[in-house]
Amino acid sequence: LVAAFDDDPWFNYLAKQDAHRRKRLRGWLDRGLRRKTFPHGETYMATDGSGANCHMSSVAICALLTRVGYSPILQISCRDYNRIAIQGDLIGAAALGIQNILCLTGDYPTVGDHKEAKPVYDLDSVQVMQLVQGLNGGKDMMGNRLDGSTAFTIGAAVTPEAELVGRRVVGAVN
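Residues numbered from 1 in each chain as written. Predicted model: local features only at pLDDT ≥ 70, side-chain atom pairs only at ≥ 80, totals over all residues. Heavy atoms only, no water.

Caption draft 1: Up close: the overall build of the protein. Helix and strand content of the protein: 6 helices and 5 strands. Each helix (α) and strand (β) of the protein, taken in turn from the N terminus, gives the series β-α-α-β-α-β-α-β-α-β-α. The 174 residues of the protein split such that 40% are buried. Of all intrachain contacts in the protein linking residues separated by at least 6 positions in sequence, the fraction that spans at least 24 positions is 70%. For the protein, the exposed surface amounts to about 9,600 Å²; the carbon and sulfur share of it is 54%. (Helix = DSSP H or I, 4+ residues; strand = E, 2+ residues; numbered from the N terminus. Buried < 20%, exposed > 50% of the residue type's maximum accessible area, 1.4 Å probe, protein only. Contact = heavy atoms within 4.5 Å. Areas by Shrake-Rupley, 256 points an atom, 1.4 Å probe, with all protein chains shown as cover.)

Caption draft 2: Quick peek at the side chain of Thr-150. Relative to the assigned elements, Thr-150 resides in the loop between helix 5 (125-136) and strand 5 (153-156). Taking relative accessible area as the criterion, Thr-150 reaches 8% and is therefore assigned buried. Discounting residues that sit within four places of it in the chain, Thr-150 has contacts with Ala-94, Val-132, Leu-135 and Asn-136.

Caption draft 3: The pattern of salt bridges, seen in detail. The tally for this structure, following the rule as stated, stands at 2 salt bridges. Of the charged contacts, one joins Arg-79 and Asp-80 as a salt bridge, the two residues approaching to 2.9 Å between their closest N and O atoms. One salt bridge connects Asp-122 with Arg-83, and the closest N-O pair in it is separated by 2.8 Å. Highlighted residues: Asp-122 in the loop between strand 4 (100-104) and helix 5 and Arg-83 in helix 4 (residues 83-95), separated in sequence by 39 residues. Since its relative accessible area comes to 29%, Asp-122 is described here as partly exposed. The exposure class assigned to Arg-83 is partly exposed, which follows from its relative accessible area of 29%. (Salt bridge = Lys/Arg side-chain N within 4 Å of Asp/Glu carboxyl O.)

Here it is as structure tokens:
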């Protein structure tokens, strides 16, 4: 869980450091949910196994934050899921009221705390953005009609020096 738009460097440090240790952050999350307030941040990003480390599901964190009135950002990492699982999580997230998605490729497992884990990478982040765009249009990745549609705001992280990737991202969401 990372606070976005937060001007308190200690808070950002604490949230990032405890995300993979699941100690004080859990208490902070519990206290915030009970009080229906969180310090500082305007929105929160629920990381999806950032740094290839195991922590609470980003869908679960976003569902808890949505329940008390926040509009968190759900990270979707391609590393751990195939296209069926990604679509299932996204449809479930929409049903839980989650509206903001950040599509990421994800760190390779050897940099994290489960070095023996096998990466999936069935899709890359640009393909996930296209998938989300399809869900917003009422269709799954294979073109099957959904009973309704999602209304996600789609985000991505890019490396500015990677000109080809930048053009591909712009093309994916146009």
